[in-house]
Amino acid sequence: VYECSRGCPNRCIYCQFIRWRKRQNNFPCEKIKKELKWLLDQEVEGIHFADAVFDRDPEFTKKILAFVNTYNRRSTLLFYCSFATLTDELADLFEKTHCQIGVGVQTTNKNVLKLLKRAHFKRLFGDAAKILKNRSVNFYIELMFGLPGDTMDSFKKSFEESLNINPSFIMIFPLALIKGTPLGNNPESYNVTKYSEKDIKSLDLKCDIKYLNLGLSQDFGLKDLELFDDIVLTCFYYYNRFQYCLKYLQKRWKDGSFDLYQIIGKKTKIFLKNTGQVPSNRGFTNELKNEIQVIFRDVLNMMLVGSEEKNAFKELYKIDFYRITVLHSPIREKIFTSLKSFHALDKIPPAIESSDRIIKNTFGKIITVNYSYEDLTNLSGLKSNIRKISSVIYIYAPYNFADASIMTLSKEQEFIIDLLSNDHGFKYKSLTNAFRKFFRNSEQKISISDKYLYSLLKELYKRDIIKIIR
């Protein structure tokens, strides 16, 4: 755990984070660089930046990110940000850093935020959302259930608005009454009721959340925690695992994503109870894999989806399943270890010398889906009008990155990726000879030239699939 600054600009009534310091002040930049350089040289597994709002001072943030990007080899990084000062330049730096960013929204209800004495994340849902839309910035949103002054309808709105900006994850916590805070010391004055662990045990809850010092606003009842549990289960099991399936269902579902999440969560809870399983976002059993398909099928039937659309949905499930396989593969660690000793060029050279080697930098899997990949991503719009045109796609995950990316492959690119070894690589001339021999003997009528092959390699390089090294 490391600090670049100390203090917090917020005075939230439920939080005890350095309440005595009324400003957030940065430590000297040179001191930070020296300490971070030492940590990164040790290749620690992760650095958790404990700054209350890491991006409060954008110029300072840029300096730290640029420095970290220069020296980081394998450490995962976690920041807490507001994105209130986000620019294209800062977003590009966050994207290159391959970090995880927590954004503590808690609620989008202005009146509740005023009562909490917490800043409103207005820009996150406006200009910042537009900047983040076309970038792979790995940020998650935190929401809090049962806040004073909040209602179930207001909480639903916060949830829907958070989903609309496509965070990498949504973390939902029940309100905890912390001793020493204004809310924890005197919940009654904020119309908040405190509940005991005994009260919680009487409910049908399945998600593994520690309900310690639980408090709920007067507009929430104890039974509402069962609905909360359904929503959390869906986020826990499906949100960043079955991205394609869930996004399709959200667009296709007419009554709002909150209700959809509740239905999926309730069905998952029944399965877990019947099998005696404990929820885990790390484990992935075959029983659950099969049950998820049953749950999705039931939801499709509720939406009166046609057979052609159901068949296409199975291909979405296939893509999501292989995404999970790639992300959790230990081979990613092996590839990183083998690459560590090489010096990767920052930019692809204008001409590849014969002494340069081309290696695959990411672990992935080539699969064929029975529909056009672009059509599958637009399945909610096409519905049963989707055409059967098979696509070869490559699902890959750069080391230390939280998500897997997907790319449609041409026949030539498929050959290159299949040929390249994960940890040995090919010299450029060897690759050229193999490439020409293969396509000369095939039925493909492809014009082979150094320029053409180079353009294919350049595209794979841009997508971080291969590296050119000396």
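Refer to the structure printed above.
Just so we're clear, the structure is a prediction, and the values are computed from it rather than from any experiment.

Cut-offs and rules
- Residues numbered from 1 in each chain as written.
- Predicted model: local features only at pLDDT ≥ 70, side-chain atom pairs only at ≥ 80, totals over all residues.
- Heavy atoms only, no water.
- Helix = DSSP H or I, 4+ residues; strand = E, 2+ residues; numbered from the N terminus.
- Contact = heavy atoms within 4.5 Å.
- Areas by Shrake-Rupley, 256 points an atom, 1.4 Å probe, with all protein chains shown as cover.
- Salt bridge = Lys/Arg side-chain N within 4 Å of Asp/Glu carboxyl O.
- Expected span 1.5 Å × (residues − 1).
- Buried < 20%, exposed > 50% of the residue type's maximum accessible area, 1.4 Å probe, protein only.
- Pairing = 2+ DSSP bridges.
- Axes fitted to C-alpha atoms, helices over the stretch in contact; angles between N-to-C directions.
- Core = buried A, V, L, I, M, F, W, Y, C linked by side-chain atoms within 4.5 Å.

*Asks:* Looking at this structure, how should I read the overall build of the protein?
*Replies:* In terms of regular secondary structure, the protein is built from 19 helices and 15 strands. In the protein, 72% of the contacts between residues at least 6 apart in sequence involve partners at least 24 apart. For the protein, the computed accessible surface area is about 23100 Å², with 48% contributed by carbon and sulfur atoms.

*Asks:* Can you help me understand the pattern of salt bridges in this one?
*Replies:* Side chains that differ in charge, positive against negative, can pair when their charged atoms come close. Taken as a whole, this structure holds 16 salt bridges when the rule is applied. In this structure, lysine 37 engages aspartate 41 in a salt bridge whose closest nitrogen and oxygen atoms are separated by 2.7 Å. With lysine 37 and aspartate 41 both in helix H1 (residues 29-41), this residue pair falls four residues apart, about one helical turn. Among the ionic pairs, glutamate 59 bridges to lysine 62, the shortest N-O distance being 3.0 Å.

*Asks:* How do you make sense of helix H11 (residues 257-275) when you look at a structure like this?
*Replies:* Helical geometry note: an α-helix holds 3.6 residues per turn, so side chains three or four residues apart project in the same direction. If you check H11, its first and last C-alpha atoms are 27 Å apart, about what 19 residues at 1.5 Å a residue would give, namely 27 Å. Every buried residue belonging to H11 is among Ser257, Phe258, Leu260, Tyr261, Gln262, Ile264, Gly265, Thr268, Lys269, Phe271 and Leu272, and all of these are buried. Just past H11, the residue glycine 276 takes up positive phi, approximately 70°.

*Asks:* What exactly am I supposed to notice about the sheet that holds strand E7 (residues 169-174) here?
*Replies:* Note on sheets: strands pair through backbone hydrogen bonds, and any given pair is parallel or antiparallel. The strand order E3-E4-E5-E6-E7 describes an open sheet built from five strands, whose pairing is parallel. The sheet is open, and its two edges are formed by strand E3 (46-48) and E7, each paired on a single side. This sheet shows a mean twist of 20° between the axes of neighbouring strands, independent of strand direction. Note that strand E6 (residues 139-145) and E7 share six bridges and pair parallel. Along E7, the bridge assignment pairs tyrosine 140 with phenylalanine 169.

*Asks:* Any chance you could explain the nonpolar core here in plain terms?
*Replies:* Side chains of a nonpolar character, in soluble globular proteins, are inclined to be buried together. Ranked by size, the top nonpolar core spans 111 residues in total, and within it Phe83 and Phe94 carry the most contacts. With eleven residues, the top contributor of residues to this core is helix H9 (residues 224-239). Within the second largest apolar cluster, 21 residues are counted, among which are Tyr394, Leu420, Leu456 and Tyr461.

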